[in-house]
Structures are given as structure tokens and as C-alpha cells.
Amino acid sequence: MKFYSKKCILWLLVLILSCSTSNNPVIYYDKFNFIKSNKEPVSFKSKKKIAIQTFVDKRENKNISYSALRIIPLMPYANEYYNKPEITSHYRINFLPEIDFAKAMETELADYSVFEKVFYTDRTFPKGADYLIRVKIIKNQVYNKETMYGIGAFLFLKYGIWYYNFFQLFQTDFYTIKVEFDLELIEIKTNQIVFRKKIANENSDSQLVLNRSKISENFVAINEQTIQEMSKEITQYFEGNKK
């Protein structure tokens, strides 16, 4: 096998060395817009006032990409781990999860028309509330496994870049989105946790040729679903306990 050129090898090494962690803020494009669920009317009514505190971010900090490794000859696949996908340029999601998730939950709970008042707060002990909802974001991760079926060897052939560009059309991306939240309901008068539940969801899929916009849409959708689920759990707690 003839090498295409020394420059090709150097280019390959630069790409491999570029695999690194990324935590720097970038310019975003797509705003996180929460959509309320299509829920059945609830006849139960509560006189309680509910405050939703800014969510607490407990996620791992690192975003790690080894995507350049997929061009190494015979390398089966390359991994990407985005523990905080909103701070990368890849997914272009413009949101602050601690605040936007809390306000989305405020929107969803208020739409039930069950409670006397539902409002967002950044206070630990807000005035004018009977109960406080506190949520910890444990996981909000996008994991990618990209494969080009070992065709990186074409880069080392004469005119290899043309072979590479052609076969890149057959690149397959396997991705998994994982979300996990710790939900707590606190009675402000006694400062006691009266309800607690871990809510976790996961969505896996594959696509021919990497399409990060599709992943972004599914990322938003699974978070919407989880916020709706947490809101339903809170409503059912009050309804079940006749509070």
C-alpha cells in the first residue's frame, strides 16, 4: 500500500490529537421551547401554593469526543460522551437546564389548574408557598457511537480522500439519550421531604449519516416527557392524599 503523502499522515495525527474535552460556552441557535402535554382535565382541586425551585445541576462536567479516531485504518467505531450537550456547538440547543426545566415544570403544573398558585423561585424558603419542589439533574447525556466500518485505510491510498468522501455517505451513527432527575416535594412549614422519586428515561436509535439536529429534537422531546411525568407525579400525590 502506498501512502498518499506525509501531509496526509500529519493531518490524521492532528485530527486524533484534537480529541479532547470541551466545556467552553458557544453560540447557540435553537431555543428550548417546552410544549405542554395533552392531559385529561383533573376534577380534584387543591388550595395549596406550590413553588418550584431552580433545578440543581449534579451532572458530570466533561464532554468528551473521540470522533476523529474513526478514520484510523480498521478502527471499528469512535465514541462521544456529552454529559452537558447544551454547552457544545454540535447540538445548538440554547437553554439553561437549571432555570428552563424549572420554568417548564411551572408551565406544566399550572396547566393542570389543580393548585391555587404555582410559581418559579430561586429561593430556598420562598414566601407565599406551602410546598417547594426541588429537582436535581443527575444525568442529561447524549452518547454517540459512530462507525465508518474501518474504511479509514482509504486515506492512505492515492486519491484516498475521494474514496473516503464517498464511503462517508455510509457512516452509521448509534446514539443514546439518557436523562435522570431526583424529584423532591418539601413541606415548607415543617421543612420535611414528604415525597421523593427518581425519574429516569432513555431513548436509543441509529441513523445513516450523523444528523445532530435529529438528536437535538429527541433530546428536547425526552426532557419534555420527563418534566411532564414529574408534574403528573406531584399532582397525583396531592390528589391521593387529598391535600
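In case you missed it, the structure is sitting above this.
These notes cover the structure that comes with them.

Reading guide: rules and limits
- Residues numbered from 1 in each chain as written.
- Predicted model: local features only at pLDDT ≥ 70, side-chain atom pairs only at ≥ 80, totals over all residues.
- Heavy atoms only, no water.
- Helix = DSSP H or I, 4+ residues; strand = E, 2+ residues; numbered from the N terminus.
- Buried < 20%, exposed > 50% of the residue type's maximum accessible area, 1.4 Å probe, protein only.
- Contact = heavy atoms within 4.5 Å.
- Areas by Shrake-Rupley, 256 points an atom, 1.4 Å probe, with all protein chains shown as cover.
- Expected span 1.5 Å × (residues − 1).
- Salt bridge = Lys/Arg side-chain N within 4 Å of Asp/Glu carboxyl O.
- Core = buried A, V, L, I, M, F, W, Y, C linked by side-chain atoms within 4.5 Å.
- Phe/Tyr/Trp six-rings, centres within 6.5 Å; stacked < 30°, edge-to-face > 60°.
- Lys NZ or Arg CZ within 6 Å of the ring centre and 35° of its normal.
- Pairing = 2+ DSSP bridges.

## Details of the overall build of the chain
Thought 1: Helices and strands together make up the secondary structure of the chain, namely four helices and ten strands.
Thought 2: The buried share among the 243 residues of the chain stands at 44%.
Thought 3: Contacts spanning at least 24 positions in sequence make up 80% of the contacts within the chain whose residues lie at least 6 apart.
Thought 4: On the chain, roughly 13,500 Å² of surface is accessible, and the fraction owed to carbon and sulfur atoms is 53%.

## Observations concerning the environment of Lys-49
Thought 1: Structurally, Lys-49 is set in strand S2 (residues 49–53).
Thought 2: It is 6.5 Å that separates the C-alpha atoms of Lys-49 and Tyr-131, two residues lying 82 residues apart in sequence.
Thought 3: In this view, Lys-49 contacts Glu-116, Lys-117, Gly-128, Ala-129, Asp-130 and Tyr-131; residues no more than four positions away in its chain are not counted.

## Overview of helix H4 (residues 212–241)
Thought 1: Between the first and last C-alpha of H4 there are 44 Å, a value that for 30 residues agrees with the 44 Å anticipated at 1.5 Å per step.
Thought 2: Immediately beyond the C-terminal end of H4, within one or two residues, lies Lys-242, with a positive phi of roughly 55°.

## Some details on the pattern of salt bridges
Thought 1: Under the definition given, this model contains 13 salt bridges.
Thought 2: Among the salt bridges present, the one from Glu-80 reaches Arg-212, with a minimum N-O distance of 3.1 Å. Of this pair, Glu-80 sits in strand S5 (residues 78–82) while Arg-212 sits in helix H4, placing them 132 residues apart in sequence. As far as burial versus exposure is concerned, Glu-80 and Arg-212 are alike and both buried.
Thought 3: Salt bridges sharing partners connect three or more residues here, namely Lys-36, Lys-39, Glu-108 and Asp-111.

## A word on the nonpolar core
Thought 1: Counting residues in hydrophobic clusters, the biggest one holds 42 residues, and the most contacted among them are Phe-55, Met-105, Ile-133, Met-230, Ile-234 and Phe-238.
Thought 2: Those elements that provide at least two residues to this core are S2, helix H2 (97–111), strand S8 (131–147), strand S9 (172–187), strand S10 (192–208) and H4.
Thought 3: Per element, the largest residue contribution to this core is nine residues, and it comes from H4.
Thought 4: For Ile-234, the contacting residues outside a window of four places in its chain are Met-105, Leu-109, Phe-115, Ile-133, Leu-183, Leu-185 and Phe-195.
Thought 5: The next biggest cluster of nonpolar side chains, apart from the first, holds six residues, and it includes Ala-51, Ala-129, Leu-132 and Ile-188.

## Considerations on the packing of aromatic side chains
Thought 1: The tally for this structure, following the rule as stated, stands at ten aromatic pairs.
Thought 2: Centroid distance Phe-195 to Tyr-237: 5.5 Å. Interplanar angle 40°. Geometry classified as tilted. Within this pair, whereas Phe-195 is found in strand S10, its partner Tyr-237 is found in helix H4, the two being separated by 42 residues in sequence. No difference in accessibility class separates Phe-195 from Tyr-237, as the two residues are buried.
Thought 3: Following the ring pairs from residue to residue traces out a cluster consisting of Phe-55, Phe-95, Phe-101, Phe-181 and Phe-219.
Thought 4: When the ring centre of Phe-174 is taken as origin, the NZ or CZ atom of Lys-145, which lies over that ring, is 5.7 Å away.

## Describing the pairing of S8
Thought 1: The pairing of S2 with S8 spans three bridges and is classified as parallel. Counted as the bridge partner of Ile-50 is Tyr-131 from S8.

## Quick notes on H2
Thought 1: Between its terminal C-alpha atoms H2 stretches 20 Å, which fits the 21 Å expected from 15 residues at 1.5 Å a residue.
Thought 2: For H2, the full list of buried residues reads Pro-97, Asp-100, Phe-101, Ala-102, Ala-104, Met-105, Glu-108 and Leu-109.

## Structural notes on unusual backbone geometry
Thought 1: Positive phi outside glycine occurs at Ser-113, with the angle close to 55°.
Thought 2: Here Ser-113 lies in the loop between H2 and strand S7 (117–121).
Thought 3: Given the relative accessible area of 44%, Ser-113 is considered partly exposed.
Thought 4: Phi angles above zero are rare outside glycine, and Asn-191 is one such case at about 60°.

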